[in-house]
Amino acid sequence: MHILPRTLKARIALLVSVLALASALLASLAVLYPMERQMRALVGEQQVALLASAAAALDQQVSDRRVLLRAIAEDAARVPGLRSAGLQPLLEQHAVLRDEFDNVVVFDRAGSVIANLANRRGVGDTTAANTRTFRETVDTREGVISPPFRSPLSGKPSIVLTEPVIGANGDVMFVLGGALSLVNARFMGQFLAARPGPSAYFYLIDQRGTIIYHPDASRVLHNVWREPGGVTEVTRRALSGFEGWTEGVTKEGRSALIAATHLRRTGWTLTVVYPVAEAFAPLRQGESAARMSTAAVTLLATAAGFYLASVFLRPLGRLHRRVDMLVAGTADIDVLDSVRSDEVGSLSRAFFALSQQRREAEHRLALLSRTDTLTGLHNRRMFEAELPAALARARRSHTGLVLAFLDVDHFKRINDTFGHATGDQVLCEFARRLLGSVREVDTIARLAGDEFVIIFENIDSESRVAPMMEKLLDTIREPFVCGAGPLAVTTTVGVAFSAGKISADNLLKVADEALYGAKAAGRDTWAFRDGDIRCQVSSVEAVLPV
Ligand SMILES: Nc1nc2c(ncn2[C@@H]2O[C@H](COP(=O)(O)OP(=O)(O)OP(=O)(O)O)[C@@H](O)[C@H]2O)c(=O)[nH]1
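Computed from a prediction, not measured in an experiment: that's the story for all the values here.

### Describing the pattern of salt bridges
Oppositely charged side chains may form a pair once their charged atoms are brought near each other.
For step 1, the next point in the chain: Tallying each qualifying case throughout the model produces 23 salt bridges.
For step 2, the next point in the chain: As a salt-bridge pair, aspartate 407 and lysine 519 come within 2.8 Å of each other at their nearest N and O atoms. On the criterion of sequence distance, the pair formed by aspartate 407 in strand E11 (residues 400-408) and lysine 519 in helix H14 (residues 504-520) is long-range, its members being 112 residues apart. Assigned by exposure class, aspartate 407 and lysine 519 land together as buried.
For step 3, the next point in the chain: For the salt bridge of aspartate 460 with arginine 464, the shortest nitrogen-to-oxygen distance reads 3.7 Å.
For step 4, the next point in the chain: On the accessibility criterion, aspartate 460 (62% relative accessible area) is exposed.
For step 5, the next point in the chain: The exposure class of arginine 464 is partly exposed, given its relative accessible area of 33%.
For step 6, the next point in the chain: In the salt-bridge network here, residues are joined through shared partners; they are Arg219, Glu227 and Lys251.

### Notes on the site of the ligand
For step 1, the next point in the chain: What surrounds the ligand is a group of 16 residues, the closest being His410, Lys412, Asn415, Asp424 and Arg446.
For step 2, the next point in the chain: A distance of 2.8 Å separates a nitrogen atom of the ligand from a polar side-chain atom of aspartate 424.
For step 3, the next point in the chain: In the environment of the ligand, an oxygen atom lies 3.1 Å from a nitrogen or oxygen atom belonging to the side chain of lysine 519.
For step 4, the next point in the chain: Considering the ligand on its own, with 650 Å² of exposed area, one finds that the protein chains cover 66% of that surface.
For step 5, the next point in the chain: Mapped by element, the contributors of at least two residues to the shell around the ligand are E11, helix H11 (411-418) and helix H12 (420-437).
For step 6, the next point in the chain: The residue inventory of the shell around the ligand, partitioned by class, reads three nonpolar, five polar and eight charged.

### So, the packing of helix H10 (residues 380-397) against H14
A pair of packed helices is captured by two measures, namely the crossing angle of their axes and the spacing between those axes.
For step 1, the next point in the chain: One can describe the packing of H10 onto H14 by two numbers: an axis separation of 9 Å at closest approach and a directional angle of 105 degrees. Judged by the inter-axis angle, H10 sits roughly perpendicular to H14. In contact with Phe383, Leu387, Pro388 and Leu391 of H10, H14 contributes Ala504, Leu507 and Leu508.
For step 2, the next point in the chain: Looking at the contact of H10 with H14 residue by residue, the class counts come to seven nonpolar, no polar and no charged.

### Some words on the nonpolar core
For step 1, the next point in the chain: In terms of nonpolar packing, the biggest core is built from 39 residues, with Leu97, Leu204 and Leu270 touching the most fellow members.
For step 2, the next point in the chain: Here this core gets ten residues from one element, more than from any other, and that element is helix H1 (residues 8-78).
For step 3, the next point in the chain: Leaving out residues up to four positions away in the same chain, leucine 204 has contacts with Leu58, Met188, Thr210, Ile211, Ile212, Tyr213, Leu263, Trp268, Thr269 and Leu270.

### Focus: the packing of helix H8 (residues 281-328) against helix H9 (residues 343-370)
For step 1, the next point in the chain: Interhelical geometry of H8 versus H9 gives an angle of 10 degrees and a closest axis separation of 10 Å. Between H8 and H9, the angle is such that the two are roughly parallel. Along this stretch, H8 crosses H9, giving a crossing that reads as right-handed. Across the interface between the two elements, Pro315, Leu316, Leu319, Val323 and Leu326 of H8 pack against Val344, Leu347, Ser348, Phe351 and Ser355 of H9.
For step 2, the next point in the chain: For the contact of H8 with H9, the class distribution of residues is eight nonpolar, two polar and no charged.

### Description of the packing of aromatic side chains
For step 1, the next point in the chain: For the coordinates displayed, the defined rule picks out three aromatic pairs.
For step 2, the next point in the chain: Taking NZ or CZ as reference, arginine 237 lies 4.2 Å from the ring centre of phenylalanine 242, over its face.
For step 3, the next point in the chain: Its end group placed over the ring of phenylalanine 480, arginine 433 keeps NZ or CZ at 4.1 Å from the ring centre.

### Focus: the UniProt feature "transmembrane region" (unreviewed entry) in the protein chain
For step 1, the next point in the chain: The residues that UniProt annotates with the feature "transmembrane region" (unreviewed entry) are residues 12-33.
For step 2, the next point in the chain: The span residues 12-33 shows a helical share of 100% and a strand share of 0%, and its end C-alpha atoms are spaced 31 Å apart.

### Notes on the environment of leucine 347
For step 1, the next point in the chain: Within the secondary structure, leucine 347 is located in helix H9.
For step 2, the next point in the chain: Separated by 31 residues in sequence, leucine 347 and leucine 316 place their C-alpha atoms 8.8 Å apart.
For step 3, the next point in the chain: Apart from residues lying up to four places away in sequence, leucine 347 is in contact with Leu316 and Leu319.

### Digging into a positive patch on the surface
For step 1, the next point in the chain: Positive charge collects at one region of the surface, where Lys9, Arg314, Arg318 and Arg321 lie side by side.
For step 2, the next point in the chain: No other element matches H8, which puts three residues into the positive patch.
For step 3, the next point in the chain: Along the polypeptide, lysine 9 turns up in helix H1.

### As for the environment of glutamate 243
For step 1, the next point in the chain: Relative to the helices and strands, glutamate 243 resides in the loop between helix H6 (233-239) and strand E8 (244-249).
For step 2, the next point in the chain: Looking at glutamate 243, the relative accessible area reads 38%, which means it is partly exposed.
For step 3, the next point in the chain: Note: C-alpha distance between glutamate 243 and threonine 261 (18 residues apart in sequence) is 4.8 Å.
For step 4, the next point in the chain: Ignoring sequence-local partners within four residues, the contact set of glutamate 243 consists of Ala260, Thr261, His262 and Arg264.
For step 5, the next point in the chain: A distance of 2.8 Å separates a polar side-chain atom of glutamate 243 from the backbone nitrogen of histidine 262.

Rules behind the numbers
- Residues numbered from 1 in each chain as written.
- Predicted model: local features only at pLDDT ≥ 70, side-chain atom pairs only at ≥ 80, totals over all residues.
- Heavy atoms only, no water.
- Salt bridge = Lys/Arg side-chain N within 4 Å of Asp/Glu carboxyl O.
- Helix = DSSP H or I, 4+ residues; strand = E, 2+ residues; numbered from the N terminus.
- Buried < 20%, exposed > 50% of the residue type's maximum accessible area, 1.4 Å probe, protein only.
- Near = heavy atom within 4 Å.
- Polar contact = N/O pair within 3.5 Å; in protein donor to acceptor, adjacent residues only side chain to side chain.
- Areas by Shrake-Rupley, 256 points an atom, 1.4 Å probe, with all protein chains shown as cover.
- Nonpolar A, V, L, I, M, F, W, Y, C, P; charged D, E, K, R; others polar.
- Axes fitted to C-alpha atoms, helices over the stretch in contact; angles between N-to-C directions.
- Parallel < 35°, antiparallel > 145°, perpendicular 65-115°, else oblique.
- Contact = heavy atoms within 4.5 Å.
- Core = buried A, V, L, I, M, F, W, Y, C linked by side-chain atoms within 4.5 Å.
- Left-handed = near helix turned anticlockwise from the far one by under 90°.
- Phe/Tyr/Trp six-rings, centres within 6.5 Å; stacked < 30°, edge-to-face > 60°.
- Lys NZ or Arg CZ within 6 Å of the ring centre and 35° of its normal.
- UniProt positions renumbered as here; feature names shortened; annotations may be inferred.
- Patch = residues over 30% accessible without salt bridge, like charges linked within 9 Å, V, L, I, M, F, W, Y side chains within 5 Å.
- Lys, Arg positive; Asp, Glu negative; His and termini not counted.
- Charge placed at Lys NZ, Arg CZ, Asp CG, Glu CD.

Next comes the structure, spelled out in C-alpha cells:
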C-alpha cells in the first residue's frame, strides 16, 4: 500500500514534522520523566517528615497528659493519711485536669470509682475491676494507655490514661484514670491541620488494628483486619512495622503516595494518604503544557518544512519546466541553468550533457543515414536529397549543372578474381580518387555496388564537360595499389547536362542512359547527353517528362 505522500515537498514536510514530533516528545520525556521521579521522591520524603512531626506532636500530647497525671498521683501519695474522701477535692483542686482531659476519675484498689471530676454523683457507680487496663496498672504499678473504646458518656472514641498512686509501703493505693476523647480538637487538630492537600488525609490505628482516627467516621473503632474488603497492602505493611513512604492503592482504588510511622508512646500507626492526582497536579499541568507545546512545535515545524521544501525545490520545478520545453522543442539547451553550485546545478549539467549526447548521437545517426559506410562518401539517400537542391540552385542562379554517372568497369571480375575484400579496397580507392579530382563544391555519392555519381554545379557551358571527364578517366587509369598488387581499373561515365529545366529523376535517367551508351561503346570512356534538350526534343517520345 502506498502511504507516503506523492510529492517530494509533502514528503519532506512529513519527515520534518515526524522528526519535530519525535524530538519534542523525547525532549519532554527526558525532562518530565526524571522530574516526575524526583518529585515523587520529594513529595514522599515530605510526607515522611510531616508524619514524623505529627507523630511527635501526638506523642507529646499523650506524654504531657501522663506527666500531668503522674504529678497528681505523686502529690496524692505525699498527702499523709489520704483517704478516699480526700480524693475528690484533690482532683478539683487541679483545674488543669479539666482542660486536658474529658474526665478524670480515681479508682480504689478494688476498681470502684471513688472520685469523679466531671460528676461527683457518679462516684461508686462503676467499677473497673475487670478491665485489662486497670489490672495492668495495678500489676505493673505503672501508668497504662487503654485501647481505644467508645465512651459511654460522650459516645466518642476515647482512651484512658492511668497512673497508680503508690503508698509509702510501695503498694498501689489508688488508680487515677484520665479519659481523653480522640476527636478532641486540641488532641488531633494539630496534625489534621497539617494535611498536605485538600484530598489528603491521615488515619491512626492501634497495634491491634483498631481504627482510632479516620476521616470516614463510620470506620472509627472498627478493626481493619475485620473490615469488608480486608486490609490494604500498605496498612498491612505498616502494621508489620514498615515506616517510610511508598506508592499504593487506597481501599477506594485511588493511587496515592502513602507514608506511615509509629508513635513511640502508644505504638499506634499514623498514616498519611496523599492521592497521586493531587500530589502531581502541578506535574500533570506541566505535562499537558508540554503536550500543547509539542503539538505547536510540530505544527510549526510542518509548516516551516513545507515552506522550506517549496523554496528549496523551486529550482527543481523550474528545471522540470525547462526540460519539458526542451522536449517540446520550444526552448534550446541553453535554458538549462548549469552554473548553479548545488544539486540542481549538477542535475542541470547532467541534463545538459545528456541532451548534448543525444544531439551528437542524432547528428551521427543523421550522418550515417546520409553516408556510405564503405567509402565515406554520400549515399543514395543523400544524393536524392542533394540533386533536387542543386538543380534548384542552378535554376535560381541561371547556371548549368552536370551530373556524371560512373560505373567501375568489370568490377565483378575484380571481385571474382581477387576477392570481395580487394573489391572493397578498389571501391575505397576509387572514391578517394574521385574526391581528389573534383572541386570542393562538387558532390560525390555512391549509389550502390560500383555505381557513383558526381554533381558538378555552376557549369556555364557544356564545352567544359569534355576536359572534366577526360581528367576523371585519367585519374582512375592510374594503377590501383591493393593487397593483391597493382590493378588496372577503369571506369565508364554517362554525363547529363541541365540548364535547370529537368527534374532530378529524369536527369539521373538521362545520365544512366548516357552511361549505358558509353558502356556499349566499349568502356573506359564517357558519353554525354543534354537532359534539357533531350527533354524538349523527346517530348514526342514522352519518355522523360519533366
Ligand atoms: N566488393 C564489393 N562488391 C560489391 C559491392 N556491392 C556490389 N558489389 C558487386 O559488384 C558487382 C557489380 O557488377 P556489375 O556492375 O553488375 O558488373 P560489372 O562487373 O561491373 O560489369 P560492367 O559494369 O558491365 O563493367 C557485383 O558482382 C556485386 O556483387 C561492395 O560493396 N563490395
